[in-house]
Amino acid sequence: MSLAGRAVMALGLAGLLGAGAVACRGDNELSGSVSELFPVTDVSRVEIRRNPEALQVSYFRNNGLDVDLVARLTVDTEGVDLKPGTKVQLGGTTPSGRDRASVVHVAAGEPARAFTQVERGDLVLDEGGNVGEATRGDFSLSFKKGDGYGAGRSMEGTFNSMALDAGFGPDLGDVVVDAPAP
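Criteria and thresholds
Residues numbered from 1 in each chain as written. Predicted model: local features only at pLDDT ≥ 70, side-chain atom pairs only at ≥ 80, totals over all residues. Heavy atoms only, no water. Helix = DSSP H or I, 4+ residues; strand = E, 2+ residues; numbered from the N terminus. Buried < 20%, exposed > 50% of the residue type's maximum accessible area, 1.4 Å probe, protein only. Contact = heavy atoms within 4.5 Å. Areas by Shrake-Rupley, 256 points an atom, 1.4 Å probe, with all protein chains shown as cover. Salt bridge = Lys/Arg side-chain N within 4 Å of Asp/Glu carboxyl O. Phe/Tyr/Trp six-rings, centres within 6.5 Å; stacked < 30°, edge-to-face > 60°. Core = buried A, V, L, I, M, F, W, Y, C linked by side-chain atoms within 4.5 Å.

An unreviewed UniProt entry annotates the protein as Lipoprotein of Corallococcus exercitus.

Let us look at the overall build of the protein. Broken down by element type, the protein carries one helix and ten strands. Beginning at the N terminus, the succession of helices and strands in the protein can be written as α-β-β-β-β-β-β-β-β-β-β. Taking all 182 residues of the protein together, the buried fraction comes to 32%. Partitioning the intrachain contacts of the protein with sequence separation of at least 6 by distance along the chain shows that 55% fall at a separation of at least 24. About 10600 Å² of surface is accessible on the protein, with carbon and sulfur atoms providing 54% of the total.

Below, the discussion takes up the pattern of salt bridges. The final tally for this structure, using the stated rule, is twelve salt bridges. Across the pair Arg-49 and Glu-47 runs a salt bridge, and its minimum N-O distance is 3.1 Å. Here Arg-120 ties to Glu-119 by a salt bridge, and the two come within 3.1 Å at their closest N and O atoms. With a relative accessible area of 37%, Glu-119 lands in the partly exposed category. If you follow the salt bridges from partner to partner, you end up with Arg-45, Glu-47 and Arg-49 in one network.

Within this structure, the stated rule accounts for four aromatic pairs. Seen from their ring centres, Phe-115 and Phe-143 are 4.6 Å apart, and the 20° between their planes marks the pair as stacked. Here Phe-115 is found in the loop between strand 7 (113–114) and strand 8 (118–127), whereas its partner Phe-143 is found in strand 9 (residues 134–143), with 28 residues between them in sequence. Among the residues examined, Phe-143 registers a relative accessible area of 1% and is labelled buried. Taking 5.0 Å as the distance between ring centres and 65° as the angle between the ring planes, the aromatic pair formed by Phe-115 and Tyr-149 counts as edge-to-face.

Our next topic: the nonpolar core. In globular proteins that are soluble, nonpolar side chains generally tend to be buried together. With 28 residues, the main nonpolar core has Leu-90, Leu-123, Phe-139, Leu-141, Met-155 and Phe-159 as its most contacted residues. Element by element, the count of residues in this core is highest for strand 4 (residues 66–76), at four residues. Setting aside anything within four residues of it in sequence, one finds Leu-141 in contact with Leu-73, Leu-90, Val-103, Val-118, Arg-120, Gly-121, Arg-153, Ser-154 and Met-155.

The next thing to look at is unusual backbone geometry. For Asn-28, which is not glycine, the phi torsion reads 60° and is therefore positive. With respect to the secondary-structure elements, Asn-28 resides in the loop between helix 1 (3–23) and strand 1 (30–31). We classify Asn-28 as partly exposed; its relative accessible area is 22%. Of note in this structure, Asp-42 is not a glycine but carries a positive phi near 60°. With respect to the helices and strands, the residue Asp-42 is situated in the loop between strand 1 and strand 2 (45–51).

Take a look at the structure:
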């Protein structure tokens, strides 16, 4: 086989191996260059919250007696039909001008850190997405370059958990008992 033929074969094999590695990613994993800022491995649980305005995916890690919020991705769903198979763009803003996505990190003994704005990326649900449904999907994003926490870095994740209600509770001062007031 010629040198050119071997090179093409090697590239094809590398492409197949790379595709296989992506397809074999497990549930509830985080990765990306944000790992240079804090550990993203050893996620102990993932919590998904949903309400009519947002989808929130939180990755937690046991840290001795504490539990770290490794990362919380919040996606504003204004103007988005969030259903399985739909690719939601995470960069930019909603029709009303709010950031489409935001990310925070809170480790025990450290201040909460809000990442700089998401420059680009997407989120795709494979199944679920509504309260009470098993919800599985993945996301990939990069943060804007410049100043700010996480600037110029990337984050990828997979998630699989039951979507919990992130509904709004009673407003301050609302009566929450069923008995009439005297």
